[in-house]
Amino acid sequence: MTVIPPGDVGSLDGYDAVIIGSAVYMGHWLDPAKELVNRFREALAGRAVWLFSSGPVGKPSGKLARSMDQDPADLPALLEATRAREHRMFAGKLDPKCLSLPQRASLLVFRGLNGDFRDWDSIRQWAESIAGQLALAPR
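Position numbers for residues start from 1 in each chain and track the written sequence from start to end. The model is predicted, so local features are restricted to residues of pLDDT at least 70 and side-chain atom pairs to those at 80 or more, both for listing and for counting; the totals for chains, interfaces and linings are taken over all residues. Excluding hydrogens and water, the side-chain figures rest on all heavy atoms present in the structure.

1. A word on the pairing of strand β1 (residues 17-25)
Paired strands, as defined in this entry, are two strands with at least two bridges between them according to DSSP. Secondary structure elements are defined from DSSP: runs of H or I of at least 4 residues count as helices, runs of E of at least 2 residues count as strands, and each element is numbered from the N terminus. Relative to strand β3 (residues 48-54), β1 runs parallel, the two being bridged by 7 bridges. Note that in β3 the partner of A17 across the bridge is A48. Summarising the sheet, β1 and strand β2 (residues 28-29) pair through 2 bridges and their orientation is antiparallel. Paired with Y25 across the two strands is H28, which belongs to β2. Taking the residues that link successive antiparallel strands as the turn, the β1-β2 hairpin has 2 residues, and the phi of M26 there is positive, at about 55°.

Given below as structure tokens:
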């Protein structure tokens, strides 16, 4: 397995499968991940592709976190461009140190959103299911 930031991907040569993910901000994937999909649209068509989004933050039962737990607006176009086998949404992580001053100020209004809400067991299970599918694929 190789993990490469989207802007650093120069080629998909040598990879039979690709997993592409992005944080979701304001209902959209981040530009570097969308640009990767656009740059490699043709190369992705011949590979097994899975997509994931890292989105909701906050207490999972909270009203605001539930409102964030929606597919990104870009998802239909991303699925069409990649012919992805699956898309998964996972809870995310919000670190105030990585936010702008106005974004940090908004946390005063929307309390309880900062923190790490990722469910590593779910993420591992999904990764293992992909590995299982790839192990069964003809070579």
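2. Describing the pairing of β3
Relative accessibility under 20% of the residue-type maximum defines a buried residue, over 50% an exposed one, and the middle range a partly exposed one, all with a 1.4 Å probe and only protein chains included. For β3, the buried fraction is high: 5 of the 7 residues fall into the buried class. Judged from the 5 bridges that link them, β3 and strand β4 (residues 86-90) form a sheet pairing that is parallel. From the neighbouring strand, F52 faces β4, where its bridge partner is R88.

3. Observations regarding the sheet that holds β1
Here we have 4 strands laid out as an open sheet, ordered β2-β1-β3-β4, and mixed in their pairing. Pairing within the sheet leaves two strands with one partner each, and these edge strands are β2 and β4. Contacting β2, β3 and β4, helix α4 (residues 75-82) crosses the sheet at an angle of about 160° to β3. Whether two residues touch is decided by their heavy atoms; if any such pair falls within 4.5 Å, the residues are in contact. In this analysis, axes come from line fits to C-alpha atoms, helices being fitted only over the stretch in contact, and the angle between any two N-to-C directions falls in the range 0 to 180 degrees.

4. A few points about the packing of aromatic side chains
Stacked, tilted and edge-to-face are the three classes applied to pairs of Phe, Tyr and Trp rings, where Trp contributes its six-membered ring and a pair requires centres within 6.5 Å; stacked means planes under 30 degrees apart, edge-to-face means over 60, and tilted covers the rest. Applying the stated criterion across every chain, the model contains 3 aromatic pairs. Aromatic side chains F52 and W126 sit 6.1 Å apart centroid to centroid with 70° between the ring planes, which places their arrangement in the edge-to-face category. On the criterion of sequence distance, the pair formed by F52 in strand β3 and W126 in helix α6 (residues 120-136) is long-range, its members being 74 residues apart. Exposure remark for W126: the relative accessible area of 5% places this residue in the buried category.

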